[in-house]
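Observations on the three-dimensional arrangement
Listed below, chain by chain, are the residues.
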Amino acid sequence: SHQQRFHVIYQTFTSYYNISVRVDELTIIDILTRRSYSQRREIAFEYEKRSKKDMITALKGALSGSLEAVILGLMKSTAQYDASEIKGSIKGLGTDEETLIEMVCSRSAEELVEIKRVYKEMFKKELEKDVAGDTSGDFRSLLLALAKRDEPSNIVDYEKIDQDARALYEAGVKRKGTDVATWITIMSERSVPHLQKVFDRYKSYSPYDMQESIRKEVKGDLEKSFLTLVECFENKQQYFANRLSEAMKGKSAKEKVVTRIVVSRCEVDLMKIRTEFKKLNQKSLYQTIAEHTKGDYQKVLLSLCGGDD
């Protein structure tokens, strides 16, 4: 029952605080990874009521490293987590463009509306202002156009499919140089189902598909951003599966990337990402995580992964 679950987590922490025994990471992992965000909030509320201590502070004191990053991430809502990741990518010296691109270009208009609201709540600043202050040129224009999108639509404007496809071709592959502004307008102002049809039609104008055209026309952060957008418009879960594969190519995993994707998508579409991962790699996400991580970090990720395929 809820009370019993709470009691276990409470004892785990109180034993840690009263006698300096090793904290029981496995219990913490087991309880917090198998609950929804709203259940985790309830547990934290109960914990505070009984112990007069804040559970997040207790977790910070009890855990460290990659395990701490995952568990603290789980104590935020999906939008709060995404907002913190964006903030983290533009805080301090230099920008972590890779994270910023992933967070802004892979989120739907609906998700971004919520992220912006939460960002303002958490940091007392407008997300657009922070992004604008930290980026420049066409890269900045694209990110701001995406952040400004309003509530999502699924409208397909059949009159405009051909027009948009031709405009994308004429703004890029057909001419010398690229009219980036036209690309930004079309990709930030149309619905996903509309763009899917546009990219399909695009092939009847251009010798290259949209992704190849992007690689030929633009470079650097702008190239990465447009590619992320197009990959997500075409198949978002495949995009995340690809990112996870890349992050676990070497001997040890790029933990930041793996943590970010697993934590931010675990209540959104992780099951579908798992399916795409298996299709891409002929090996399950579960097995891949098991091979590239170790210790408590491995345990927490496998538990969130939710099983082998």
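A few points on the structure. (Residues numbered from 1 in each chain as written. Predicted model: local features only at pLDDT ≥ 70, side-chain atom pairs only at ≥ 80, totals over all residues. Heavy atoms only, no water.)

**As for the side chain of R274**
Tracing the sequence through the fold places R274 in helix α17 (residues 270–281). The exposure class of R274 is buried, given its relative accessible area of 6%. Only 3.3 Å separates the side chain of R274 from the backbone oxygen of G306, close enough to count as a polar contact. Ignoring any residue separated from it by four or fewer positions in sequence, one finds R274 in contact with L285, C305, G306, G307, D308 and D309. (Helix = DSSP H or I, 4+ residues; strand = E, 2+ residues; numbered from the N terminus. Buried < 20%, exposed > 50% of the residue type's maximum accessible area, 1.4 Å probe, protein only. Polar contact = N/O pair within 3.5 Å; in protein donor to acceptor, adjacent residues only side chain to side chain. Contact = heavy atoms within 4.5 Å.)

**A few points about the packing of helix α12 (residues 180–189) against helix α15 (residues 220–247)**
With their axes 12 Å apart at the nearest point, α12 and α15 run at an angle of 30 degrees to one another. When the axes of α12 and α15 are compared, the pair comes out roughly parallel. Both α12 and α15 take part in a crossing whose hand is left-handed. Every residue of α15 that contacts α12 at V180, W183, I184 and M187 is listed here: L222, F226, L229, V230 and F233. Classifying every residue of the contact of α12 with α15 by side-chain character gives 9 nonpolar, no polar and no charged. (Axes fitted to C-alpha atoms, helices over the stretch in contact; angles between N-to-C directions. Parallel < 35°, antiparallel > 145°, perpendicular 65-115°, else oblique. Left-handed = near helix turned anticlockwise from the far one by under 90°. Nonpolar A, V, L, I, M, F, W, Y, C, P; charged D, E, K, R; others polar.)

**Points about the packing of helix α10 (residues 137–147) against α12**
At a minimum axis distance of 9 Å, the contact between α10 and α12 shows a crossing angle of 20 degrees. Taken together, the axes of α10 and α12 are roughly parallel relative to one another. With respect to the hand of their crossing, α10 and α12 are arranged in right-handed fashion. The segment α10 lies against α12, with D138, S141, L142, A145 and L146 engaging V180, I184, M187 and S188. Here the residues of the contact of α10 with α12 are counted per class, giving 6 nonpolar, 2 polar and 1 charged.

**Observations concerning the packing of aromatic side chains**
Tallied over the entire structure, the rule returns 5 aromatic pairs. The side chain of K87 reaches across the aromatic face of F123, ending 5.4 Å from its centre. The ring of Y208 has K216 sitting right over it, with the charged end atom 4.5 Å from the ring centre. (Phe/Tyr/Trp six-rings, centres within 6.5 Å; stacked < 30°, edge-to-face > 60°. Lys NZ or Arg CZ within 6 Å of the ring centre and 35° of its normal.)

**Quick look at the nonpolar core**
Counting residues in each nonpolar core, the largest one holds 47 residues, and the members touching the most others are L32, M55, L59, I71, L244 and V258. Listed in part, the 46 residues of the second largest apolar core include A83, C105, L127 and L146. (Core = buried A, V, L, I, M, F, W, Y, C linked by side-chain atoms within 4.5 Å.)

**Considering the environment of L285**
Here L285 is to be found in helix α18 (residues 285–292). Judged by its relative accessible area of 1%, L285 is buried. Considered as a pair, L285 and L72 are 213 residues apart in the sequence and their alpha carbons are 22 Å apart. Beyond its immediate stretch of four places on either side in the chain, L285 contacts L244, M248, L270, R274, F277 and C305.

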